[in-house]
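The chain contents come next:
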Amino acid sequence: QVQLVESGGGVVETGGSLRLSCAARGRLFSVSPVSWYRQAPGKEREFVARITGVGAKDYADSAKGRFSISRDNAKNMAYLQMNSLKSEDTAVYYCRTYIVGREYWGQGTQVTVSS
């Protein structure tokens, strides 16, 4: 089994920055795609960013130009750098990976952007 643990969330003012981390334990993480999703109160979970095992990246329109996804396979870590934060970015952020036909999700980390 693979376990993912997010960290780095907190409260930040509008226009500020946060870097979220996703720590993984388990085999094959380094060659798996990693995605970040978020879920705001009363909203459905939505895609934010994705990075493959070889570094190809994709972003939701809401994240382009402000967020950057990265990974350090030697450390079994993935990151989401968030800049120019807006109140609408307030949500619980989750990391996800897909290995051998199964999805794995972390427990989430809360990001709150003050208005």
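Refer to the preceding data block for the structure.
Novice: Sorry if this is basic, but what is going on with the overall build of the protein here?
Specialist: In terms of regular secondary structure, the protein is built from 0 helices and 11 strands. Each helix and strand of the protein, placed in order from N terminus to C terminus, yields the pattern β-β-β-β-β-β-β-β-β-β-β. Relative to its length of 115 residues, the protein is compact, with a C-alpha radius of gyration of 13 Å against a globular reference of 13 Å. Projecting the C-alpha coordinates of the protein onto the three principal axes gives extents of approximately 40 × 25 × 20 Å. Here the protein holds 115 residues, and 41% of them are scored as buried. Long-range contacts, defined here as pairs at least 24 residues apart, represent 53% of the contacts in the protein between residues at least 6 apart. Here the protein carries 15 positive and 10 negative side-chain charges, and the mean point of each set is 7 Å from the other.

Novice: Mind showing me how you'd approach the nonpolar core here?
Specialist: Membership of the largest hydrophobic core comes to 28 residues, with the highest contact counts inside it found for Leu 4, Trp 36, Val 48, Phe 67, Leu 80, Met 82 and Tyr 93. Only strand S3 (18-25), strand S4 (34-39), strand S5 (46-51), strand S7 (67-72), strand S8 (77-82), strand S9 (91-99) and strand S11 (109-114) provide two or more residues apiece to this core.

Novice: Sorry if this is basic, but what is going on with the pattern of salt bridges here?
Specialist: As a working rule, side chains carrying opposite charge can pair if their charged atoms are close by. Tallied over the entire structure, the rule returns 6 salt bridges. Here the residues in one salt-bridge network are Arg 38, Glu 46, Arg 66 and Asp 89, joined through shared partners.

Novice: Can you help me understand the packing of aromatic side chains in this one?
Specialist: Here the distance between the centres and the angle between the planes together describe a pair of aromatic rings. Enumeration over the complete set of coordinates arrives at 2 aromatic pairs. Here Tyr 37 and Phe 47 contribute two aromatic rings whose centre-to-centre distance is 5.7 Å and whose plane-to-plane angle is 75°, an arrangement assigned as edge-to-face. Linking Tyr 37 in strand S4 with Phe 47 in strand S5, this pair joins segments that are 10 residues apart in sequence. Chaining the aromatic ring pairs together yields one cluster made of Tyr 37, Phe 47 and Trp 105. Here the guanidinium or amino end of Arg 45 rests over the ring plane of Trp 105, the centre of that ring lying 4.7 Å away. Residue placement shows Arg 71 over the ring face of Phe 29; its charged tip is 5.2 Å from the ring centre.

Novice: Would you explain the state of the cysteines in this entry?
Specialist: Where two cysteines share a covalent bond between their sulfur atoms, that bond is called a disulfide. Under the counting rule described, the total for this entry stands at 1 disulfide. At a sulfur-sulfur separation of 2.1 Å, the disulfide partner of Cys 22 is Cys 95. One disulfide, between Cys 22 and Cys 95, carries an S-S torsion of 65° and so falls in the right-handed class. Residue Cys 22 is found in strand S3, and its partner Cys 95 is found in strand S9; the two are separated by 73 residues along the sequence. Neither Cys 22 nor Cys 95 differs from the other in exposure class; each is buried.

Novice: Could you clarify how one ought to interpret the side chain of Ser 32 in this entry?
Specialist: Mapping Ser 32 onto the fold places it in the loop between S3 and S4. Looking at Ser 32, its side chain comes within polar contact range of the main-chain oxygen of Phe 29, at 2.8 Å. Engagement of the side chain of Ser 32 in a polar contact is seen with the side chain of Thr 97, the distance being 2.6 Å. Contacts of Ser 32, omitting those with residues within four sequence positions, involve Ile 51, Thr 52, Gly 53, Arg 71, Thr 97, Tyr 98 and Ile 99.

So, how was this worked out
Residues numbered from 1 in each chain as written. Predicted model: local features only at pLDDT ≥ 70, side-chain atom pairs only at ≥ 80, totals over all residues. Heavy atoms only, no water. Helix = DSSP H or I, 4+ residues; strand = E, 2+ residues; numbered from the N terminus. Rg over C-alpha atoms; globule rule 2.2 N^0.38 Å. Buried < 20%, exposed > 50% of the residue type's maximum accessible area, 1.4 Å probe, protein only. Contact = heavy atoms within 4.5 Å. Lys, Arg positive; Asp, Glu negative; His and termini not counted. Charge placed at Lys NZ, Arg CZ, Asp CG, Glu CD. Core = buried A, V, L, I, M, F, W, Y, C linked by side-chain atoms within 4.5 Å. Salt bridge = Lys/Arg side-chain N within 4 Å of Asp/Glu carboxyl O. Phe/Tyr/Trp six-rings, centres within 6.5 Å; stacked < 30°, edge-to-face > 60°. Lys NZ or Arg CZ within 6 Å of the ring centre and 35° of its normal. Disulfide = S-S within 2.5 Å. Polar contact = N/O pair within 3.5 Å; in protein donor to acceptor, adjacent residues only side chain to side chain.

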